[in-house]
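Tertiary structure, described
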Amino acid sequence: MNSGITQTPVAALDAALAAAFDALLRGAADHRSPFRTPTLVTIGTDGAPEARTVVLRAFDPASRRLQIHTDRRSAKLAQMAADPRIALHGYDPTARMQLRIAGRAMLHLDDAAADAAWSASRETSRMTYATDDPPGTPLPAPPAAPGDPIGGRAHFAAVALRVDSLDWLLLDPAGHRRARFTWLADGTTGATWIAA
Ligand SMILES: Cc1cc2nc3c(=O)[nH]c(=O)nc-3n(C[C@H](O)[C@H](O)[C@H](O)COP(=O)(O)O)c2cc1C
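In what follows, the accompanying structure is described. (Residues numbered from 1 in each chain as written. Predicted model: local features only at pLDDT ≥ 70, side-chain atom pairs only at ≥ 80, totals over all residues. Heavy atoms only, no water.)

Time to look at the overall build of the protein chain. The helix and strand tally for the protein chain stands at 4 helices and 9 strands. Reading the helices (α) and strands (β) of the protein chain from amino to carboxyl end gives α-β-β-β-β-α-β-β-α-α-β-β-β. Each principal axis of the C-alpha distribution contributes one length, and for the protein chain these read about 70 × 35 × 35 Å. Taken across its 196 residues, the protein chain has 36% of its residues classed as buried. Restricting the contact set of the protein chain to residue pairs at least 6 apart, pairs at least 24 apart contribute 59%. With the model as given, the accessible surface of the protein chain reaches about 10900 Å², and the carbon-plus-sulfur share is 57%. Side-chain charges in the protein chain split into 21 positive and 20 negative, and the spacing between the mean points of these groups amounts to 4 Å. (Helix = DSSP H or I, 4+ residues; strand = E, 2+ residues; numbered from the N terminus. Buried < 20%, exposed > 50% of the residue type's maximum accessible area, 1.4 Å probe, protein only. Contact = heavy atoms within 4.5 Å. Areas by Shrake-Rupley, 256 points an atom, 1.4 Å probe, with all protein chains shown as cover. Lys, Arg positive; Asp, Glu negative; His and termini not counted. Charge placed at Lys NZ, Arg CZ, Asp CG, Glu CD.)

Spelled out as C-alpha cells, the structure:
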C-alpha cells in the first residue's frame, strides 16, 4: 500500500482547479489578463467549427458560468441558438497555462439578465450594437462608426456559458502537468490528472 500516491495529487488537483478559476476571475476583471479575450468556438450551421475572440465579461465560480456579450444578429448567436455546445480557449504565456473549456450557451435577449448586462455596459461598448448592418453583411466600403448608442439594445445579447468540463495544462520544464475536471448534469463531478 502506498498512501502517498493517492493523497498528494488530490490536494494538487484542487490547486489546479483553483488556479484555473482564478485565471477566469482575473480575465473577467482585468483587461490586461490574457483570459480577458478568450477564443469562443461554436458549431456552424453546416457543422464546421467557427472560432473568434470575445471579451470575458463575468465569471461566477459557484455556478461555473461565464458571460460574454454579442450582437444578436451575429452568426455566432444563430449558431448557439441552433446548437448550444461551445468551447472556449485561452492561454497565458507568462503563467504558461492553457485552459480549454467545453460547455453550453444560454442566450439572454430581452430578459432581466440582458437588461442588467446592457445597463452595466459602457457607452463605447453599446455603440458597437447600434450599427444598421448586421455583423457579416458584405459592404462596398468600411462603414462609418455609429455616433449614437440608441437602438443598440435591440441588437444586444448577453450569453452565459456554463462550464461542463475544463482541461488545465501547465507547461513546466520539470514535466508538463495536465488535469481534466468535469461536472455532469446528474451532479457528479470528476477530477483527474491526464497525460500532457
Ligand atoms: C479583442 C477582440 C475582442 C472582441 N470581443 C468581442 C465580443 O465580446 N463579442 C463579440 O460578439 N465579438 C467580439 N469581437 C469580434 C469577434 O471576434 C468577431 O469578429 C465578431 O463577433 C463576428 O463573429 P461571428 O461572425 O462569428 O459572429 C472581438 C474581437 C476582438 C479582436
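Let us now look at the pattern of salt bridges. Scanning the model with the defined rule gives 9 salt bridges in all. The closest approach of N and O atoms between Asp30 and Arg32, which form a salt bridge, is 3.2 Å. By relative accessible area, which is 68% here, Arg32 ends up exposed. The residue Arg85 makes a salt bridge to Asp83 at a minimum N-O spacing of 2.8 Å. A relative accessible area of 45% means that Arg85 is categorised as partly exposed. (Salt bridge = Lys/Arg side-chain N within 4 Å of Asp/Glu carboxyl O.)

Our next topic: helix H2 (residues 75–82). Those residues of H2 not exposed but buried are Lys76, Leu77, Gln79 and Met80. The buried residues of H2 occupy one face: seen down the axis, they fall within an arc of 160 degrees. For H2, the exposed residues set more than 90 degrees away from the buried face come down to Ala81 and Ala82. Its buried side turned inward, H2 meets strand E1 (39–43), strand E2 (49–53), strand E4 (65–71), strand E5 (85–92), strand E6 (97–108) and strand E7 (156–170). (Arc of directions from axis to C-beta.)

This model, assessed by the stated rule, comprises 6 aromatic pairs. On the basis of an interplanar angle of 90 degrees and a centroid distance of 5.1 Å, the ring pair of Tyr129 and Phe156 is categorised as edge-to-face. With a gap of 27 residues between them, Tyr129 in the loop between helix H4 (123–127) and E7 and Phe156 in strand E7 connect regions that are remote in the sequence. The class for Tyr129 is buried, based on a relative accessible area of 9%. Cluster of aromatic residues (ring-pair linked, three or more members): Phe21, Phe59 and Trp183. (Phe/Tyr/Trp six-rings, centres within 6.5 Å; stacked < 30°, edge-to-face > 60°.)

Further remarks concern empty space enclosed by the protein. Across all of its chains, the model carries 1 cavity of 30 Å³ or more by this definition. The space that makes up the largest cavity amounts to roughly 30 Å³. Around the largest cavity sit Leu24, Phe35, Pro38, Leu88, His89, Gly90, Leu99 and Ile101, which together line it. At the level of secondary structure, the elements contributing two or more residues to the lining of the largest cavity comprise E5 and E6. Here the element with the most residues in the lining of the largest cavity is E5; it accounts for 3 residues. In terms of residue class, the lining of the largest cavity is built from 6 nonpolar, 2 polar and no charged. (1 Å grid on protein atoms, 1.4 Å probe; cavity = no way out; pocket = protein on both sides within 12 Å on 5 of 7 lines; lining within 4 Å. Points joined across faces, edges and corners; volume = space filled by probe spheres on them. Nonpolar A, V, L, I, M, F, W, Y, C, P; charged D, E, K, R; others polar.)

Around the ligand lies a shell formed by Thr37, Arg52, Thr53, Val54, Val55, His69, Thr70, Ser74, Ala75 and Lys76. A distance of 2.8 Å separates a nitrogen atom of the ligand from a polar backbone atom of His69. Within the backbone of Ala75, an N or O atom sits 3.4 Å from an oxygen atom of the ligand. In the complex, 58% of the free accessible area of the ligand, which totals 620 Å², lies under the protein chains. Among the residues forming the shell around the ligand, the class breakdown is 3 nonpolar, 5 polar and 2 charged. (Near = heavy atom within 4 Å. Polar contact = N/O pair within 3.5 Å; in protein donor to acceptor, adjacent residues only side chain to side chain.)

Shape is all these values report; function is a separate question.
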